Amino acid sequence: MALKAGIIGLPNVGKSTLFNAITKKNILAANYPFATIDPNVGVVYVPDERLNTLAKMYEPDKTIGAQYEFIDIAGLVKGASLGEGLGNKFLSHIREVDAIVQVVRCFEDKDIIHVEGNIDPLRDIEIINYELILSDLEIIENRIGKIEKKAQTTNDKESLKEVELLKKCREKLSEGLMLRLIDFTESEQKILKPFNFITNKPFIYLANVSEDDILVGSNKYIDEVREVAQIQNASIVLMCAKIESELTDLDEESKKEFLKELGIQNSALDELIHITYHMLGLETFFTVGKDECRAWTFKKGMKAPECAGIIHTDFEKGFIKAEVMSYEDLIEHGSELKVKEAGKARLEGKEYIMHDGDICYFRFNVTK
């Protein structure tokens, strides 16, 4: 399931440093605009203590965590929607992701150039959001121009409904309102889905702060970003990208000790991954055994055959039943056998809606 979160922001705000920390890849993180030209893609493993516990129980040959993609997109600048900087090329990359992480610089450092000349998070957020709005408006104008006259001539109900909805979106965007803040009906969202509007995607503001301010949890810049996030019903994560990048080469125990010495309870990177994961409406089911313990990502509300298809398309095509037990029941009773003896193991059919923490064995049969 190739779900993606995109990292955006102005040049030199810490996007590439953050991406290095997320994916443990050594990509170019330089002190000048447009160091990142092509989007970098990295697979993220979601920290999950349940999988670690299952691995201790089953002692498998392999343990594989749930995962999705983070994409580092080149820094946007004022006028990107009109071709400034590297222009619409990167706005198209943003359009392909499922959620957006906007990195905002909230620290002073005279050695790191700010493309706008000084630190001002509200201005930076406004620049980025304005470019995203203009990009969506351009798509709307082009689409209305193509179908409005024909829709009126033919009196086609579906086309007229689409034009009306797009005009509503145009009006809201022209007022500076992001589409994700509008309460669209389910049918309206279905019409809008193919357009992949950037401003209709879930949003996280990531405040990149100094080592001192991550301990305090506040400064005048952070407070400004918090206020914006609250108004826009967006999430906010505080992170010192420098600290997170230093954590990447440490094992889990050393990482915990390092954070403890700094006086930090949890890694901001883990918090970002979890928030993004759940914001996308993702949950996890497990498959277990001596050969492999694995966490699989699925969309909340998916049925058993669809989840079986995430493992292999044949599992969905020939789905018969799913043997299911919950992680909580396995931990409570201590073994699969005892779960069965307690009557907590179940056989579920095609209509079963999967739950976070389900442990599954899929029965299937594919005839050639």
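Everything below is about the structure shown above.
This write-up is about the structure you can find in this document.

### Let's talk about the overall build of the protein
Part 1 of the argument: Per the secondary structure count, the protein includes 15 helices and 12 strands.
Part 2 of the argument: Sorting the 368 residues of the protein into buried and exposed places 49% on the buried side.
Part 3 of the argument: When contacts within the protein are restricted to residue pairs at least 6 apart in sequence, long-range pairs at least 24 apart make up 69% of them.
Part 4 of the argument: As presented, the protein carries roughly 18,800 Å² of accessible surface, and 49% of it is formed by carbon and sulfur atoms.

### Some details on the packing of aromatic side chains
Part 1 of the argument: In the structure shown here, the tally under the stated rule is 8 aromatic pairs.
Part 2 of the argument: With a centroid separation of 5.3 Å and 10 degrees between ring planes, the pair formed by F195 and F197 is classed as stacked.
Part 3 of the argument: The exposure class of F195 is buried, given its relative accessible area of 15%.
Part 4 of the argument: With relative accessibility at 3%, the residue F197 sits in the buried group.
Part 5 of the argument: Here R105 stacks its cationic end above the ring of F107, 4.5 Å away from the centre of that ring.
Part 6 of the argument: Of note, R294 hangs over the ring of W296, and the distance from its end group to the ring centre comes to 4.0 Å.

### Examining the packing of helix α4 (residues 121-154) against helix α8 (residues 220-231)
Part 1 of the argument: The geometry of α4 relative to α8 is characterised by a closest axis approach of 9 Å and an angle of 40 degrees between their N-to-C directions. Taken together, the axis directions place α4 and α8 in an arrangement best described as oblique. Along its contact with α4, which presents P121, L122 and I125, the element α8 presents Y221, E224, V225 and V228.
Part 2 of the argument: For the contact of α4 with α8, the class distribution of residues is 6 nonpolar, no polar and 1 charged.

### Notes on α4
Part 1 of the argument: With 34 residues, α4 should cover 50 Å at 1.5 Å per step; its first-to-last C-alpha distance of 49 Å lies within 8% of that length.
Part 2 of the argument: A maximum bend of about 35 degrees is found in α4 at I147.
Part 3 of the argument: Of the residues one or two after α4, N155 is the one with positive phi, at around 60 degrees.

Reading the values: rules and limits
- Residues numbered from 1 in each chain as written.
- Predicted model: local features only at pLDDT ≥ 70, side-chain atom pairs only at ≥ 80, totals over all residues.
- Heavy atoms only, no water.
- Helix = DSSP H or I, 4+ residues; strand = E, 2+ residues; numbered from the N terminus.
- Buried < 20%, exposed > 50% of the residue type's maximum accessible area, 1.4 Å probe, protein only.
- Contact = heavy atoms within 4.5 Å.
- Areas by Shrake-Rupley, 256 points an atom, 1.4 Å probe, with all protein chains shown as cover.
- Phe/Tyr/Trp six-rings, centres within 6.5 Å; stacked < 30°, edge-to-face > 60°.
- Lys NZ or Arg CZ within 6 Å of the ring centre and 35° of its normal.
- Axes fitted to C-alpha atoms, helices over the stretch in contact; angles between N-to-C directions.
- Parallel < 35°, antiparallel > 145°, perpendicular 65-115°, else oblique.
- Nonpolar A, V, L, I, M, F, W, Y, C, P; charged D, E, K, R; others polar.
- Expected span 1.5 Å × (residues − 1).
- Bend = angle between axes of the 7 residues up to and from the residue.

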